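Spelled out, the chains give:
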Amino acid sequence: MLLTWREPVPGYDLTLSTKLQRFGKWDPTTRRGRGAFVRAFWTEQGACTLALRQAGQEIEAELLGPGAAAVRDWLPSMFRFLPQELPPDCPHPGLRQLAHRLAGLKVGRVPWVFDVAQAFVLQQRVAFEDASRSFRELVHRYGQPAPGPLPLKLPLHPERWTQIGINRIQEVDVDAQRARTLLRVARLGLDLDLTSLGATRGIGPWTFQSVLGYAAGHPDAMPIGDLHLPRIVALYFGERPGGDRRMLELLQPYLGLRFRVINWIMAAEHARAF
């Protein structure tokens, strides 16, 4: 059954805001295009494929699968953002220009929190490309086809994680420590509570704060412990690369929206790289 939804979301850029919701270029659960985003995921009511399209100032959605009705009811909260505007007395002129140019990049909630948590556990202590490759292998081996006509696959359901077990997870180049953490997160279930996630063994500040930002839409999430982020932030502010402490000092004037500032900086860095 196909369900639809449509609502004005002024000042929002779907392409920019969903860029980091895809786990690598070949993520089998996700498709992206200019002004379009499609994601397959599990809900408590069953599988769902959500297709979003931007038409001017409106977002249109098509939903398929047993979980479609629940997700449609939830969708308005995906586009209700916490305050995240740069203060008018921002001390950095380049950041003011960046905030204006990338104003449509919003930090918002998503209905696939469990998948975001598993993705960041997979990224612990390894290169992004290696983590995304492990994820892709797991989905191709143990995932199910997603609802709808696109050749998407569903990410692993929590029960599926526990069924395949630690040995099969390690077969795709996931070390035992990350594999055990993946299974602990799986035991929290699809509707995982962030407090419980933060108290889970193997979930440190970097993983928890990344989930807080990319899944719960908190504009001030601060993923300390990242290998590259302090360098990127320091260089943007015209300083020599430093560690987490210096990054926190540089971002102190933007307390309350540091995660959004980080997203702006990373978007600018990506644009320069390509």
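Residues numbered from 1 in each chain as written. Predicted model: local features only at pLDDT ≥ 70, side-chain atom pairs only at ≥ 80, totals over all residues. Heavy atoms only, no water.

1. A closer look at the packing of aromatic side chains
Link 1 in the chain: One pass over the structure, following the stated rule, counts 12 aromatic pairs.
Link 2 in the chain: Seen from their ring centres, Y12 and F79 are 5.4 Å apart, and the 85 degrees between their planes marks the pair as edge-to-face. Within this pair, whereas Y12 is found in the loop between strand 1 (2-8) and helix 1 (14-17), its partner F79 is found in the loop between helix 2 (68-74) and helix 3 (93-101), the two being separated by 67 residues in sequence.
Link 3 in the chain: The class for Y12 is buried, based on a relative accessible area of 9%.
Link 4 in the chain: For F79, a relative accessible area of 5% translates into the label buried.
Link 5 in the chain: Taken together through their ring pairs, the aromatic side chains of W5, Y12, F79 and F81 make up a single cluster. (Phe/Tyr/Trp six-rings, centres within 6.5 Å; stacked < 30°, edge-to-face > 60°. Helix = DSSP H or I, 4+ residues; strand = E, 2+ residues; numbered from the N terminus. Buried < 20%, exposed > 50% of the residue type's maximum accessible area, 1.4 Å probe, protein only.)

2. With respect to helix 11 (residues 244-251)
Link 1 in the chain: Turning to helix 11, its buried residues number three or more, namely M247, L250 and L251. Considered in projection along helix 11, the buried side chains sweep an arc of 90 degrees and stay on one side of the axis. (Arc of directions from axis to C-beta.)

3. Some remarks on the pairing of strand 5 (residues 58-64)
Link 1 in the chain: Looking at chain direction, strand 1 and strand 5 are connected through 7 bridges and run antiparallel. Each bridged residue has a counterpart across the sheet, and for L2 the counterpart in strand 5 is L64.
Link 2 in the chain: In this structure, strand 4 (residues 46-55) lies alongside strand 5, joined through 7 bridges in antiparallel fashion. Bridged to A55 within strand 5 is E58.
Link 3 in the chain: The hairpin formed by strand 4 and strand 5 contains 2 residues between the paired strands, and G56 there has a positive phi angle of roughly 65 degrees. (Pairing = 2+ DSSP bridges.)

4. Some details on the sheet that holds strand 3 (residues 36-43)
Link 1 in the chain: Overall, antiparallel pairing links the 5 strands, which are arranged 1-5-4-3-2 in an open sheet. Looking at which strands have only one partner, the edges of the open sheet turn out to be strand 1 and strand 2 (30-33). Strand-to-strand twist in this sheet, taken as the mean axis angle between neighbours without regard to direction, amounts to 20 degrees. (Axes fitted to C-alpha atoms, helices over the stretch in contact; angles between N-to-C directions.)

5. A few points about the pattern of salt bridges
Link 1 in the chain: Following the criterion strictly, the structure yields 15 salt bridges and no others.
Link 2 in the chain: Note that D130 is salt-bridged to R133, the shortest N-O span being 2.7 Å. Taken as a pair, D130 and R133 lie in helix 5 (residues 128-142) at a separation of 3 residues, close to a single helical turn.
Link 3 in the chain: Since its relative accessible area comes to 35%, D130 is described here as partly exposed.
Link 4 in the chain: A salt bridge links R246 to E249; the shortest N-O distance between them is 2.8 Å. Taken together, the positions of R246 and E249, both in helix 11 and 3 residues apart, correspond to about one turn of that helix.
Link 5 in the chain: Looking at R246, the relative accessible area reads 32%, which means it is partly exposed.
Link 6 in the chain: Within this structure, R6, R53, E58 and E60 form a network of salt bridges that share partners. (Salt bridge = Lys/Arg side-chain N within 4 Å of Asp/Glu carboxyl O.)

6. Remarks on unusual backbone geometry
Residues other than glycine predominantly adopt negative phi, and peptide bonds predominantly adopt the trans conformation.
Link 1 in the chain: In this model, R125 sits at a positive phi of 65 degrees, which is unusual for a non-glycine residue.
Link 2 in the chain: For R125, the location among the structural elements is in the loop between helix 4 (113-122) and helix 5.
Link 3 in the chain: On the basis of relative accessibility, which here comes to 53%, the residue R125 falls in the exposed class.
Link 4 in the chain: At D173, a position not held by glycine, the phi torsion is positive, near 65 degrees.
Link 5 in the chain: Residue position: D173 is located in the loop between helix 6 (158-170) and helix 7 (176-186).

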